[in-house]
Amino acid sequence: IGYLGQFRTWDGVLEVRIYREKITDLIQEDPVAPPPGVVDPRSFSFVNMSIPVSQRGLEWRYSARPIAEARVQASYSNLRVRAPFLGSNHEHEVPGHVATLSWMQDWTTRWASTLSLIRYGTYEWGSGSFHVPAYTSIDARVAYRFGPAAKPTELALVLLNQGGRH
């Protein structure tokens, strides 16, 4: 079920989606014994699971243009995974929620920037072997566009995943 709304105020757009999906043939790692002579004992094969996994969630995104040269975007996603089989860590391998807030600015016809704040909920890494607590990350981009207007090229300096250790 979804909703898409457009608003005259700030040229705003709101998207909302509530969903439930059934995933069949999910690919899962299957540890296997390494071949003789292999030094690294971690060997994996990947197989399609026969038991379906279901996920349900809520997503929304709001995008607006408070001034002609800028766009603000906020989004949120809440996801729950149900993997009905023993020993499953799939239910905790994705963050329960992710929230973002971004500001995209065109300073001139050539210069632009983006600043994003991203909040991740807790999850388990490596098939449940390592707990990752909730954390906040900052992404930034400064870009210079050049070339003809019909086929512009962009040179950008990007910082990803800045913030506390996680």
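Residues numbered from 1 in each chain as written. Predicted model: local features only at pLDDT ≥ 70, side-chain atom pairs only at ≥ 80, totals over all residues. Heavy atoms only, no water.

Attention now moves to the overall build of the protein chain. The secondary structure content of the protein chain amounts to zero helices and 12 strands. Moving toward the C terminus, one meets the helices and strands of the protein chain in the order β-β-β-β-β-β-β-β-β-β-β-β. Since a compact globule built from 166 residues should have a radius of gyration of about 15 Å, the 21 Å found for the protein chain marks it as more spread out than a globular shape. Its C-alpha atoms put the protein chain at 60 × 45 × 35 Å along the principal axes. A buried classification covers 22% of the 166 residues belonging to the protein chain. At a minimum sequence separation of 6, the contacts of the protein chain that also span at least 24 residues come to 44%. Summing over all exposed atoms, the protein chain offers an accessible surface of approximately 11,800 Å²; the carbon and sulfur share of this is 60%. A gap of 7 Å separates the mean positions of the 17 positive and 15 negative side-chain charges of the protein chain. (Helix = DSSP H or I, 4+ residues; strand = E, 2+ residues; numbered from the N terminus. Rg over C-alpha atoms; globule rule 2.2 N^0.38 Å. Buried < 20%, exposed > 50% of the residue type's maximum accessible area, 1.4 Å probe, protein only. Contact = heavy atoms within 4.5 Å. Areas by Shrake-Rupley, 256 points an atom, 1.4 Å probe, with all protein chains shown as cover. Lys, Arg positive; Asp, Glu negative; His and termini not counted. Charge placed at Lys NZ, Arg CZ, Asp CG, Glu CD.)

A cluster of nonpolar side chains, contributed by Trp-107, Trp-111, Val-142, Tyr-144, Phe-146, Leu-155 and Leu-157, occupies part of the molecular surface with about 760 Å² of accessible area. Of all the elements in the fold, those that place two or more residues in the nonpolar patch are β11 (135-146) and β12 (153-162). Mapping Leu-155 onto the fold places it in strand β12. (Patch = residues over 30% accessible without salt bridge, like charges linked within 9 Å, V, L, I, M, F, W, Y side chains within 5 Å. Salt bridge = Lys/Arg side-chain N within 4 Å of Asp/Glu carboxyl O.)

Structurally, Gln-105 is set in strand β7 (residues 97-106). The class for Gln-105 is buried, based on a relative accessible area of 8%. At a separation of 3.0 Å, a polar atom in the side chain of Gln-105 contacts the side chain of Trp-103. Excluding residues within four positions of it along the chain, Gln-105 makes contact with Ile-67, Glu-69, Ala-70, Trp-111, Ala-112 and Ser-113. (Polar contact = N/O pair within 3.5 Å; in protein donor to acceptor, adjacent residues only side chain to side chain.)

With that out of the way, let us pick up the environment of Thr-100. Looking at the element boundaries, Thr-100 is found in strand β7. Overall, Thr-100 belongs to the partly exposed group, its relative accessible area being 22%. For the pair Thr-100 and Ser-137, spaced 37 residues apart in sequence, the C-alpha to C-alpha distance is 9.5 Å. Contacts of Thr-100, omitting those with residues within four sequence positions, involve Gln-73, Ala-74, Ser-75, Leu-117 and Ile-118. In this structure the side chain of Thr-100 is engaged in a polar contact, spanning 2.4 Å, whose partner is the side chain of Ser-75.

The bulk of non-glycine residues show a negative phi, and the bulk of peptide bonds are trans. One non-glycine residue, Trp-10, lies in the positive phi region at around 60°. Looking at where Trp-10 falls in the secondary structure, it is placed in the loop between β1 (2-7) and β2 (12-23). Even without a glycine there, the phi angle at Asn-161 is positive, about 60°. Note on placement: Asn-161 falls in strand β12.

For the rest of this paragraph, the subject is the pairing of β11. Sheet analysis places strand β8 (residues 111-120) next to β11, joined by 10 bridges and oriented antiparallel. When the sheet's bridge partners are listed, Tyr-120 is paired in β11 with Tyr-135. Where β11 lies against β12, eight bridges are found, and the strand directions are antiparallel. Among the inter-strand pairings, Arg-141 is bridged to a residue of β12, identified as Val-158. Hairpin remark: β11 followed by β12, antiparallel, with six residues in the connecting loop; positive phi at Gly-147, about 95°. (Pairing = 2+ DSSP bridges.)

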